[in-house]
Amino acid sequence: MSKDIYKEIDKMKEHYSALITLIQMQNTIKSKSIETSNKSAEIKLKYKGVDAGSLVKELDSIKEDNKRMEEKLKELQLLRASQLVSSVIQK
């Protein structure tokens, strides 16, 4: 009889421990959920009124400008190289 009671108490301890673990996990999830909600709200406030479409267009325009400048730079480098070669040949 006392062994049966001890076994039941031991099972109750295991179940209680499992319950505590589940509650801790639940609290962790709630905490992370609140943290994520707060971060989301901060991001919304930070970018409130910003039109993502216009930003994309502006970035695309900047990329095009960069490509044109790179091409111009290459042309200038080739021109400079040919000038150097010409000056060496003339000497």
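Provided above is the structure to which this section pertains.
Residues numbered from 1 in each chain as written. Predicted model: local features only at pLDDT ≥ 70, side-chain atom pairs only at ≥ 80, totals over all residues. Heavy atoms only, no water.

What the chain contains, in helices and strands, is two helices and zero strands. Its C-alpha radius of gyration of 35 Å places the chain more than 25% over the 12 Å reference for a compact globule of 91 residues. The principal-axis extent of the C-alpha atoms belonging to the chain is close to 115 × 40 × 15 Å. The buried share among the 91 residues of the chain stands at 0%. Carbon and sulfur atoms provide 61% of the accessible area of the chain, an area that totals close to 9,000 Å². Of note, the chain has its 18 positive side-chain charges centred 3 Å away from the centre of its 14 negative side-chain charges. (Helix = DSSP H or I, 4+ residues; strand = E, 2+ residues; numbered from the N terminus. Rg over C-alpha atoms; globule rule 2.2 N^0.38 Å. Buried < 20%, exposed > 50% of the residue type's maximum accessible area, 1.4 Å probe, protein only. Areas by Shrake-Rupley, 256 points an atom, 1.4 Å probe, with all protein chains shown as cover. Lys, Arg positive; Asp, Glu negative; His and termini not counted. Charge placed at Lys NZ, Arg CZ, Asp CG, Glu CD.)

This part covers a nonpolar patch on the surface. Nonpolar side chains collect at one region of the surface, where Tyr-16, Leu-19, Ile-20 and Ile-23 lie side by side and expose about 360 Å² of accessible area between them. Relative to the helices and strands, Ile-20 is located in helix α1 (residues 2-46). The class for Ile-20 is partly exposed, based on a relative accessible area of 30%. (Patch = residues over 30% accessible without salt bridge, like charges linked within 9 Å, V, L, I, M, F, W, Y side chains within 5 Å. Salt bridge = Lys/Arg side-chain N within 4 Å of Asp/Glu carboxyl O.)

Under the counting rule described, the total for this entry stands at two salt bridges. Here Glu-35 makes a salt bridge to Lys-39, at a shortest N to O gap of 3.6 Å. With Glu-35 and Lys-39 both in helix α1 and four residues apart, the pair spans about one turn of that helix. Classification of Lys-39 as partly exposed rests on a relative accessible area of 49%. Here Arg-68 ties to Asp-65 by a salt bridge, and the two come within 2.2 Å at their closest N and O atoms. With a gap of three residues between them, Arg-68 and Asp-65 both fall in helix α2 (residues 52-90), about one helical turn apart.

So, about the environment of Ile-89. One can find Ile-89 in helix α2. Separated by 31 residues in the primary sequence, Ile-89 and Glu-58 place their C-alpha atoms 46 Å from one another.

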